Amino acid sequence: VTGVPTLLDSGLAGNTPPVAILQGFENANTDEINSIQQQVAVITDSANLQADMLRSEFVNTETTLAGLQAEQASLASFLKSG
């Protein structure tokens, strides 16, 4: 709340705050929300990077597995004909 301080016989009863009390709380809450949003963005970026790495590792594993299965089929065919 802002306004004019109460005038007493001895002078002013206080100073007018530069920012209203509720505005101060709102500003603090806004700053906290912004900070949390930045933290969420960092965590999201990290999770996406990890997901990309896991996808890449999965593709590499699948490729290796396909190669081993082809080799196994070739060996089985060779042993049957031999």
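Residues numbered from 1 in each chain as written. Predicted model: local features only at pLDDT ≥ 70, side-chain atom pairs only at ≥ 80, totals over all residues. Heavy atoms only, no water.

### Comments concerning the overall build of the protein chain
Here is step 1 of the chain: A count of helical and extended segments in the protein chain gives one helix and two strands.
Here is step 2 of the chain: Listed N to C, the secondary structure of the protein chain is β-β-α in terms of helices and strands.
Here is step 3 of the chain: For the protein chain, whose C-alpha radius of gyration is 34 Å, the value lies well above the compact-globule estimate of 12 Å for 82 residues.
Here is step 4 of the chain: Buried positions account for 0% of the 82 residues belonging to the protein chain. (Helix = DSSP H or I, 4+ residues; strand = E, 2+ residues; numbered from the N terminus. Rg over C-alpha atoms; globule rule 2.2 N^0.38 Å. Buried < 20%, exposed > 50% of the residue type's maximum accessible area, 1.4 Å probe, protein only.)

### A look at the confidence of the model for the protein chain
Here is step 1 of the chain: With 93% of its residues at a pLDDT of 70 or more, the protein chain has an overall mean of 89.
Here is step 2 of the chain: Highest mean pLDDT in the protein chain belongs to helix H1 (residues 21-81) (96); lowest belongs to strand E1 (residues 7-8) (73). (pLDDT = per-residue confidence, 0-100.)

### Digging into the pattern of salt bridges
Here is step 1 of the chain: Summed over the entire model, instances satisfying the criterion amount to one salt bridge.
Here is step 2 of the chain: Put simply, Arg55 and Asp52 hold a salt bridge, and the shortest N to O gap is 2.5 Å. Taken together, the residues Arg55 and Asp52, both in helix H1 and three residues apart, mark about one turn of the helix.
Here is step 3 of the chain: A residue is classified by how much of its surface remains accessible, and Asp52, at 43% relative accessible area, is partly exposed. (Salt bridge = Lys/Arg side-chain N within 4 Å of Asp/Glu carboxyl O.)

### Describing a nonpolar patch on the surface
Here is step 1 of the chain: Taken together, the side chains of Ile21, Leu22 and Phe25 make up a nonpolar region of the molecular surface, amounting to roughly 360 Å² of accessible area.
Here is step 2 of the chain: For Leu22, the location among the structural elements is in helix H1. (Patch = residues over 30% accessible without salt bridge, like charges linked within 9 Å, V, L, I, M, F, W, Y side chains within 5 Å. Areas by Shrake-Rupley, 256 points an atom, 1.4 Å probe, with all protein chains shown as cover.)

### A short note on the environment of Ser81
Here is step 1 of the chain: Considering the arrangement of structural elements, one finds Ser81 in helix H1.
Here is step 2 of the chain: Within the local environment of Ser81, its side chain forms a polar contact with the backbone oxygen of Phe78, the two atoms lying 3.0 Å apart. (Polar contact = N/O pair within 3.5 Å; in protein donor to acceptor, adjacent residues only side chain to side chain.)

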